[in-house]
Amino acid sequence: HYVRDLHSLQMEGNLMSKVLTFVERRLLRSVHMLVLTCEEYYKTYYSLIYRGKYVIVENYPAHSAWEGFKHRPSSEFVVGYVGSVRYMHCLRALVDAISKLWERGVKIRLKVAGSGQVEELRAYCDGKPWVEMLGAFSYEDKIKEIYEDINLNFSVYNTDVKNVRYAMPNKFYESVIAGIPILVAQGTYLEKRVRELGIGTSVPYQDADSMAEVLETAYSRKDWYQEALQNLGRLDPNDYFVDAHRDSLVMAILG
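Cut-offs used in this document
Residues numbered from 1 in each chain as written. Predicted model: local features only at pLDDT ≥ 70, side-chain atom pairs only at ≥ 80, totals over all residues. Heavy atoms only, no water. Buried < 20%, exposed > 50% of the residue type's maximum accessible area, 1.4 Å probe, protein only. Helix = DSSP H or I, 4+ residues; strand = E, 2+ residues; numbered from the N terminus. Contact = heavy atoms within 4.5 Å. Pairing = 2+ DSSP bridges. Axes fitted to C-alpha atoms, helices over the stretch in contact; angles between N-to-C directions. Phe/Tyr/Trp six-rings, centres within 6.5 Å; stacked < 30°, edge-to-face > 60°. Lys NZ or Arg CZ within 6 Å of the ring centre and 35° of its normal.

Novice: Can you walk me through helix H8 (residues 189-197) in this structure?
Specialist: Since the α-helix advances by 3.6 residues per turn, residues separated by three or four positions end up pointing in the same direction. All of the buried residues in H8 are Tyr189, Leu190, Glu191, Arg193 and Val194. Contact partners of the buried residues in H8: helix H2 (39-44), strand S7 (152-155), helix H6 (162-166), helix H7 (170-178), strand S8 (182-185) and strand S9 (200-203). Phi turns positive one or two residues past the end of H8, at glycine 198, with a value near 70°.

Structure representation (structure tokens):
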């Protein structure tokens with residue numbers, strides 16, 4: 001049984017959630033191997049209803065999509081949001097933070113690539129020439145081009161949504177592969193992983209003032225941002241492709 005993500009219904013604790021958990025607990029009795037994308041999913045949820053074997057298969061990207069990637073960070077400063085456009089509280093806070101910095105002469109650009117609530121974000125950014133909206137894209141064809149000039153990867157999501165506290169977004173692996181520091185939400189498992197590697201920092205998910213502060217530090221290429229660059233330089237990107245883990249994962253599932 002392969003679980004890519006937890007659903008909010010599994011986490012709410014209301015009547016519908018309890019019914020779903022009851023049904024899932026019974027169905028899991030016939031599962032020989034549970035496959036999860038994040039260790040935290042087991043600790044916070046499945047450990048309570050499942051006692052069989054499980055294996056973690058993280059959301060590593062395929063090497064083919066990144067082969068030949070060269071990071072050429074912009075001489076300006078580009079914050080990238082790559083992926084499904086959602087959690088508008090966070091994105092509005094980011095736009096507000098960058099607007100505050102432009103008023104102080106700190107000229108940061110924002111690049112957004114992905115489908116979702118694009119028109120809502122476009123409307124909120126109306127009249128801001130420093131926002132670039134690329135829309136939907138093919139991962140295999142465009143991911144290298146999108147990340148090529150990004151200076152900071154934005155992965156701040158709404159932590160009022162319980163699943164967000166435990167999930168491991170693709171952006172974590174993409175930051176390591178691309179060598180780009182990452183900004184995440186406080187109070188998440190993602191924050192724990194980022195701080196363990198020292199490859200970024202965190203902010204309250206809808207606090208524009210806090211975002212502006214950390215963005216200004218990043219823009220100056222000092223403190224946490226410089227440390228993140230150094231730590232990323234010590235990591236081997238090849239360890240974060242699915243190809244490097246496929247054989248061991250297959251053996252774990254079969255064994």
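Novice: In this structure, what is going on with the sheet that holds strand S1 (residues 2-3)? I would like to understand it.
Specialist: The strands that make up a sheet are held in pairs by hydrogen bonds between backbone atoms, and each pair lies either parallel or antiparallel. Pairing within the open sheet is parallel, and its 3 strands lie in the order S1-S2-S3. Every other strand in the sheet has two partners, leaving S1 and strand S3 (53-56) as the edge strands with one partner each.

Novice: Explanation requested: the sheet that holds S9 in the structure shown.
Specialist: In spatial order, the strands read S6-S5-S4-S7-S8-S9; together these 6 strands make up an open sheet with parallel pairing. In this open sheet, the two edge strands, each paired with only one partner strand, are strand S6 (131-135) and S9. Averaged over neighbouring strand pairs, the angle between their axes works out to 25° when direction is ignored. Against the sheet, helix H9 (residues 208-219) touches strand S4 (77-82), strand S5 (108-113), S7, S8 and S9, its axis set at about 160° to S9. Packing of helix H10 (residues 223-234) onto the sheet brings it into contact with S4, S7, S8 and S9, and relative to S9 it is tilted by some 140°.

Novice: Sorry, what's going on with the packing of aromatic side chains here?
Specialist: For any pair of aromatic rings, the description consists of the separation of the ring centres together with the inter-plane angle of the planes. Taken as a whole and assessed by the stated rule, the structure comprises 13 aromatic pairs. Each ring, one from tryptophan 102 and one from tryptophan 130, has its centre 6.3 Å from the other, and the planes form 15°; the classification is stacked. Residue tryptophan 102 is found in helix H3 (residues 88-103), and its partner tryptophan 130 is found in the loop between helix H4 (118-124) and S6; the two are separated by 28 residues along the sequence. Accessibility expressed as a relative area gives 31% for tryptophan 102, which makes it partly exposed. Here the aromatic cluster, defined as three or more aromatic residues joined through ring pairs, consists of Tyr60, Phe172, Tyr173 and Tyr240. Its end group placed over the ring of tyrosine 157, arginine 86 keeps NZ or CZ at 5.6 Å from the ring centre. For the cation-ring pair, lysine 171 lies above tyrosine 81, with the distance from its terminal atom to the ring centre recorded as 4.6 Å.

Fair warning: the whole summary comes from geometry, so function is off the table for now.
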